[in-house]
Amino acid sequence: MYRNEEDLQSEDWPGLIDTHCHLDLEPLYSRLAEVVSGAHLAGVTQFVVPGVHPDGWERMAAIAARHADIFPAFGIHPMHAATAVNGNLSQLAVHASSGVAIGEIGLDPAYAVSLERQESAFREQLRLALELGLPVLVHCRQAFQRTLRILQEEHAEQVGGIMHAFSGSCEMAREFIRLGFAISISGMVTRETAVRPLRIVRELPLEHLVLETDAPDMTPQRYRGQSNQPGYMVETLHAVARLKGVEPLVVAQSSHAASRKILGRMKVS
Ligand SMILES: [Zn+2]
């Protein structure tokens, strides 16, 4: 795993926040202690774990109770939008207040669930986020205009949030930033063929960019073929630094500040 001793020993190193990693899922969950200590060695010290399905919420709450640096965000992923029914939504309301955000929620036409069903699950969860004053973690692919319109109609600017693993255009990214959202950069930027994500990093100000792994998915180029883990986020940090022409420490600091600004509840050591 990549380690930059000089950066890590610097007093200015803020401790990186992986704003999106599924530590409750395999193959990460059964070797969680090892995954977390590996991440610490790489300078990644805090982890936001987004919800996917109601069946996962108990486990997320349990690992967050055991690890002070793991922060859950409860929610229903658009692929499981059909489970966003009354009983589960009231369960979500119970769990949600102990999380740092509501997520991951949004729209993705690649899944079998109809976009209408996805949209109603998205709106229900946005309303809960506003009620609780929590930011949202948004999963969106190929439905950016519709997602933007829903966020505007539901007044998501009151809570803000993070556009997870953003794959849209710079123009769309600016619209989400205007609504108080940060744009999350994944390991895609370590691949030279990822045209849009590379352009996002080049053109948008660092103050609006946060980092994530989406582990166990979206493995950076260097480790392709393996499953992803939070420690590998350093690859993404270095790719962003190269694209911006700045020192990695600068990106570490800016992404840390941008994450903290959105996820205000996180108790950073
Ligand atoms: Zn995810």
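It should be noted that the structure appears before, not after, this text.
In this report, the structure presented in the accompanying data block is examined. (Residues numbered from 1 in each chain as written. Predicted model: local features only at pLDDT ≥ 70, side-chain atom pairs only at ≥ 80, totals over all residues. Heavy atoms only, no water.)

1. Considering the coordination of the zinc ion
Then comes step 1: Only H20 (NE2), H22 (NE2) and E104 (OE) from the protein coordinate the zinc ion, and they sit 2.1 Å from it.
Then comes step 2: Between consecutive donors of the zinc ion, the numbers of intervening residues give the motif H-x1-H-x81-E. You'll find H20 and H22 in the same group, each marked buried. (Donors = N, O, S within 2.8 Å, 3.2 Å for Na, K, Ca; no water. Buried < 20%, exposed > 50% of the residue type's maximum accessible area, 1.4 Å probe, protein only.)

2. Notes on the side chain of T219
Then comes step 1: For T219, the location among the structural elements is in the loop between β8 (209-211) and α9 (233-244).
Then comes step 2: Under the relative-accessibility criterion, T219 is labelled buried at 7%.
Then comes step 3: A distance of 2.9 Å separates a polar atom in the side chain of T219 from the backbone oxygen of Q226.
Then comes step 4: Apart from residues no more than four positions distant in its own chain, T219 is found in contact with R191, R224, Q226, S227, N228 and Y232. (Helix = DSSP H or I, 4+ residues; strand = E, 2+ residues; numbered from the N terminus. Polar contact = N/O pair within 3.5 Å; in protein donor to acceptor, adjacent residues only side chain to side chain. Contact = heavy atoms within 4.5 Å.)

3. As for helix α5 (residues 115-132)
An α-helical segment advances 3.6 residues per turn. Residues three or four places apart therefore align on the same side.
Then comes step 1: Look at α5: 25 Å from first C-alpha to last across 18 residues, which is about the 26 Å you get at 1.5 Å a residue.
Then comes step 2: All of the buried residues in α5 are Q118, E119, A121, F122, R123, Q125, L126, L128 and A129.
Then comes step 3: Where α5 is buried, its residues meet α4 (86-96), β4 (102-107), β5 (136-140) and α6 (144-153).
Then comes step 4: Among the residues trailing α5, G133 stands out with phi positive, at a value near 70°. (Expected span 1.5 Å × (residues − 1).)

4. Here we look at the sheet that holds β4
Then comes step 1: With parallel pairing, the five strands of this open sheet are ordered in space as β4-β5-β6-β7-β8. Strands with a single pairing partner mark the edges of an open sheet, and in this sheet they are β4 and β8. Strand after strand, the sheet turns through a mean of 35° between neighbouring axes, direction not considered.
Then comes step 2: As defined by bridge partners, strand β7 (residues 181-185) adjoins β8 across three bridges and the pair is classed as parallel. Looking at the pairing, I183 lines up with L209 of β8.
Then comes step 3: Across the sheet, α9 lies against β7 and β8, angled at about 150° from β8, the strand it touches most. (Pairing = 2+ DSSP bridges. Axes fitted to C-alpha atoms, helices over the stretch in contact; angles between N-to-C directions.)

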